[in-house]
Structures are given as C-alpha cells and as structure tokens.
Amino acid sequence: MMIGLNHKPLLHLSLLLVLLFFSSTESLRFELQSGHTKCISEDIKSNSMTVGKYSIVNPNEGHPLPDSHRVTVRVTSSYGNNYHYGDRVQSGQFAFAAAEAGDYMTCFWSVDNNPQITMTIDFDWKTGVAAKDWSNVAKKGQVDVMELELKKLYETVTSIHDEMFYLREREEEMQELNRATNTRMFWLSLLSLFVCLSVAGMQLWHLKSFFEKKKLI
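Worth saying up front: this structure is predicted, and the values here are computed from it rather than measured.

The subject of this paragraph is the overall build of the protein. In terms of regular secondary structure, the protein is built from three helices and eight strands. Counting from the amino terminus, the protein carries its helices and strands in the arrangement α-β-β-β-β-β-β-β-β-α-α. Within the protein, buried positions represent 24% of all 217 residues. Pairs at least 24 residues apart make up 73% of the contacts formed inside the protein by residues separated by at least 6 positions. Element-wise, carbon and sulfur atoms account for 59% of the exposed surface of the protein, whose accessible area totals about 15,300 Å².

See the structure below:
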C-alpha cells in the first residue's frame, strides 16, 4: 500500500509528460482586420480526433457584440475536403475524426468594412488525446479515479503506437523521395558529363580543322 501511494505522483507526472509530447493543444488569441483572411494549420494524423472552438472577443463588456463583428470560418484538409463552415458567425465549434493524414487548415475571413475594424478572436484547437473530454468519460462510465487514469494511459499508449506508425510511414516516404532524387541526380550528372565531353570534342575538332585550313599544322 505504501509503494502504491509513493509511486502515484510519479504515474501522474509520467502521464502528464506523455500527454504533452503526444497530443496537441493550440489555444491562441489573434487579431483580424476586416477584409482580410488569417489561416492556422495543424498537422493531424488519420483517425485522430480533433475539436476546435472559436469566438470573437467582445470589445465592450456588458453590451452585445456589434453586427459588424462577424467572421466566416472554414476548416479544410490538405486534399481540399471541407470539415466545417461557419458563415458570418460570432462564435462556433467543430469536432471531427481526420479521414486522412496531413495539414488541416482553419481560415478566418471578415468582410470589408468602412471604416476598417479590427476584431480579436479566441481560438482553441485540440487534437489527439487532448481532444477527449475525460470528465464526461468518467461520468458516463461511472469509474473511479484509478480506472480513469488507466483509461487515459491506454488512450495515450494507443496514440503513441499510432504516432510511431505514422512517423514510420513518413520516413519511408522521405527515403523513397531521397532514392528517386539521387537516381535523377545520377542520370543528370551523366548527361551533363556527356554534354561537356561532346562540346569539348567538337571544339577540338573545330580548332584542328581551322589550323589545317590555315596550314598551321
């Protein structure tokens, strides 16, 4: 019993460190001028859960947001597939499981206003293990603290396993690209050498013909 109590903080610390390394949480606040577009990208592996939430910061607390403070939001994958679209909204959220691996782009656009206005937007984007709402898992499953920690740990290990396979696939793609590039460079070098030798031979032949005509040799 004493050993379990002594190692429990270490378990929590290890779990926290693993969560930090193998999950992505992007929470930021940025400004967007009317008539402009700002995009934020995130590299997400396939079958990974991702959730996002955005809202325009009210410049006058206690008063409703002006009607001019609206943005159009679109979330797309690197293949051009749409996962979320909000037309002239003041806040919103999205959640989906990535169907393909790659860079996912969230773009915010505001219509042009005269005079120009600047809006402040809060954007919270989570992927992987960080995207799971563990408080709801605990309520629905009626589990105790240790079971919840084990579920978190299992999800983390699964995420690490998938991440390793994803990195291995990316490494194989890069190796294949390097091999193809090296092959092309080899043939290009041979072609360049052949062209240089051909030009040098033609120059020697031309000089020899010139000197023979001039009876210098």
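Glancing now at the packing of aromatic side chains. According to the stated counting rule, one finds 11 aromatic pairs in the structure shown. Between Tyr54 and Phe108, the ring centres sit 5.7 Å apart and the planes meet at 85°, which makes this aromatic pair edge-to-face. Taken together, the residues span a long stretch of sequence, with Tyr54 in strand β3 (residues 49–56) and Phe108 in strand β7 (residues 102–109) at a distance of 54 residues. The exposure class assigned to Phe108 is buried, which follows from its relative accessible area of 0%. Grouped by ring-pair contacts, the aromatic residues Phe30, Tyr54, Tyr83, Phe94, Phe96, Tyr104, Phe108, Phe123 and Trp125 constitute a single cluster.

This part takes up the pattern of salt bridges. By the definition in use, this model includes five salt bridges. Where Asp122 meets Arg29, a salt bridge forms, and the shortest distance between an N and an O atom there is 2.6 Å. Note that Asp122 is positioned in strand β8 (residues 118–127) and Arg29 in strand β1 (residues 24–33), a separation of 93 residues in sequence. Given a relative accessible area of 25%, Asp122 falls into the partly exposed group. Relative accessible area serves as the criterion here: at 56%, Arg29 is assigned to the exposed category. Here Arg170 ties to Asp43 by a salt bridge, and the two come within 4.0 Å at their closest N and O atoms. Here Arg170, found in helix α3 (residues 145–213), pairs with Asp43, found in strand β2 (residues 37–44); they are 127 residues apart in sequence, far enough to count as distant. Overall, the relative accessible area of 42% leaves Asp43 in the partly exposed class.

In this structure, Tyr54, Val71, Phe94, Phe108, Ile121, Phe123 and Trp125 are the most contacted members of the largest nonpolar core, which totals 20 residues. Elements with a minimum of two residues in this core: β1, β2, β3, β4 (71–76), β6 (91–97), β7 and β8. The greatest single-element share of this core, amounting to four residues, is contributed by β8. Not counting chain neighbours up to four residues away, the residues in contact with Ile121 comprise Leu28, Arg29, Phe30, Leu32, Ser55, Ile56, Val71 and Phe108.

This next bit is on the sheet that holds strand β5 (residues 82–89). If you walk across this open sheet you meet the four strands as β2-β7-β4-β5, and the pairing is antiparallel. Edge positions in the sheet fall to β2 and β5, since each of these pairs with one other strand and no more. Shown here is a sheet whose adjacent strand axes are inclined to one another by a mean of 10°, direction ignored. Inspection of the sheet shows β4 paired to β7 by five bridges, in the antiparallel sense. What sits directly across from Val75, in β7, is Thr106.

When you line up the elements, His84 lands in strand β5. Once you skip the residues sitting within four places of it in the chain, His84 turns out to touch Tyr54, Val73, Arg74, Val75, Gln93 and Phe94.

Omega for the peptide link from Asn114 to Pro115 comes to 5°, which places this bond in the cis form. Here Pro115 is to be found in the loop between β7 and β8. Phi at Asn47 takes a positive value of approximately 65°, unusual for a residue other than glycine. In this structure, Asn47 sits in the loop between β2 and β3. With a relative accessible area of 68%, Asn47 lands in the exposed category. The phi angle at Arg88 is positive, at roughly 50°, despite the residue not being glycine. In this fold, Arg88 is placed in strand β5.

Rules used throughout
Residues numbered from 1 in each chain as written. Predicted model: local features only at pLDDT ≥ 70, side-chain atom pairs only at ≥ 80, totals over all residues. Heavy atoms only, no water. Helix = DSSP H or I, 4+ residues; strand = E, 2+ residues; numbered from the N terminus. Buried < 20%, exposed > 50% of the residue type's maximum accessible area, 1.4 Å probe, protein only. Contact = heavy atoms within 4.5 Å. Areas by Shrake-Rupley, 256 points an atom, 1.4 Å probe, with all protein chains shown as cover. Phe/Tyr/Trp six-rings, centres within 6.5 Å; stacked < 30°, edge-to-face > 60°. Salt bridge = Lys/Arg side-chain N within 4 Å of Asp/Glu carboxyl O. Core = buried A, V, L, I, M, F, W, Y, C linked by side-chain atoms within 4.5 Å. Pairing = 2+ DSSP bridges. Axes fitted to C-alpha atoms, helices over the stretch in contact; angles between N-to-C directions.

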